[in-house]
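Inside the fold
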Amino acid sequence: MELDWSDELDFKCSKMINTIGRKKVQSPDELTITDKWDILMLLVPELTKEKVKTQKKNYARLGSNSMLYLCINTIVRMFIDIVYLESRPEMPNDRIGLRSFKHLIRNKIDEIEELQDELEKVKEGKGMIAIEEHNSEMDSLRKQIKIQGETIEDLEFKLKEQRKFFEDKMKKQDEIHNSFKKNFTDKLNEELAD
């Protein structure tokens, strides 16, 4: 006997809810990739087994910060939260839990919209400079640095030359001074000897 679509969906849903409850799953990371895609198939009936097969392979390659990875895990996390919300006995604070759940969903939707806006800005290049402009500016900066380096080398050379000039000049002055001093001492000694 073949199950009709709604019976099959109910069966799959019950099986998944039992799996989550039995394993005490609290986050999508505790589920297998197959479990995650089974949940997505429950929530999106248009997903065929063929589509899921290829998407599971792609999902396994995604980074933990990829948009698709984050969206899938968010949907699975919401399903897990709903399972616990539905399986919990009625309590006076059910309403608060549902509100906080709606708040969580709203925050995630806002976060996704912000990420999509940022992605659009990156695609359009808003707030960024073109690679050619960046390279041009870098070339200009390199030229300035080279010119400044050459200027510093020139200044160092000039300072070394000036220092040598003044040292030579002081040496000459010392020689002249010593010569005057010797002449003066010699004359003084001659006069004192007379």
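Structural data are supplied above this passage.
What comes next concerns the included structure. (Residues numbered from 1 in each chain as written. Predicted model: local features only at pLDDT ≥ 70, side-chain atom pairs only at ≥ 80, totals over all residues. Heavy atoms only, no water.)

Residue placement: Lys36 occurs in helix H2 (residues 33-43). The buried charged residue Lys36 lacks any salt bridge partner; its closest oppositely charged side chain belongs to Asp29, at an N-O distance of 4.5 Å. (Helix = DSSP H or I, 4+ residues; strand = E, 2+ residues; numbered from the N terminus. Buried < 20%, exposed > 50% of the residue type's maximum accessible area, 1.4 Å probe, protein only. Lys, Arg positive; Asp, Glu negative; His and termini not counted. Salt bridge = Lys/Arg side-chain N within 4 Å of Asp/Glu carboxyl O.)

Another aspect to go through is the packing of aromatic side chains. Across all of its chains, the model carries 1 aromatic pair by this definition. Judged by centre distance (5.3 Å) and plane angle (70°), the ring pair of Phe165 and Phe166 falls under edge-to-face. (Phe/Tyr/Trp six-rings, centres within 6.5 Å; stacked < 30°, edge-to-face > 60°.)

Next up on the list: unusual backbone geometry. Here the phi dihedral of Lys24 falls at roughly 55°; this positive angle occurs in a residue that is not glycine. Among the secondary structure elements, Lys24 is positioned in the loop between helix H1 (5-23) and H2.

Bringing the packing of H2 against helix H3 (residues 49-61) into the picture now. The contact between H2 and H3 brings their axes to 10 Å, and the two run at 135°. Taken together, the axes of H2 and H3 lie oblique to each other. In terms of crossing hand, the pair formed by H2 and H3 is right-handed. Contacts between H2 and H3 involve Ile33, Thr34, Lys36, Trp37 and Met41 on the former and, on the latter, Lys49, Val52, Gln55, Lys56, Tyr59 and Ala60. Looking at the contact of H2 with H3 residue by residue, the class counts come to 6 nonpolar, 2 polar and 3 charged. (Axes fitted to C-alpha atoms, helices over the stretch in contact; angles between N-to-C directions. Parallel < 35°, antiparallel > 145°, perpendicular 65-115°, else oblique. Left-handed = near helix turned anticlockwise from the far one by under 90°. Contact = heavy atoms within 4.5 Å. Nonpolar A, V, L, I, M, F, W, Y, C, P; charged D, E, K, R; others polar.)

This part is about a nonpolar patch on the surface. The grouping of Leu43, Val44 and Ile75 at the surface amounts to a nonpolar patch, some 200 Å² of accessible area in total. The partly exposed category is assigned to Val44, whose relative accessible area is 34%. (Patch = residues over 30% accessible without salt bridge, like charges linked within 9 Å, V, L, I, M, F, W, Y side chains within 5 Å. Areas by Shrake-Rupley, 256 points an atom, 1.4 Å probe, with all protein chains shown as cover.)

As a further point, take the pattern of salt bridges. For the structure shown, the criterion picks out 5 salt bridges. Residue Arg142 pairs with Asp139 through a salt bridge whose shortest N-O separation is 3.0 Å. Of this pair, Arg142 and Asp139 both sit in helix H6 (residues 131-193), separated by 3 residues, roughly a single helical turn. For Asp139, a relative accessible area of 40% corresponds to the partly exposed category. Between Asp168 and Lys164 there is a salt bridge, with its nearest N and O atoms 3.6 Å apart. Here Asp168 pairs with Lys164, and both are found in helix H6, just 4 residues apart, close to one helical turn. Accessibility expressed as a relative area gives 39% for Asp168, which makes it partly exposed. Classification of Lys164 by relative accessible area gives partly exposed; the value is 47%.

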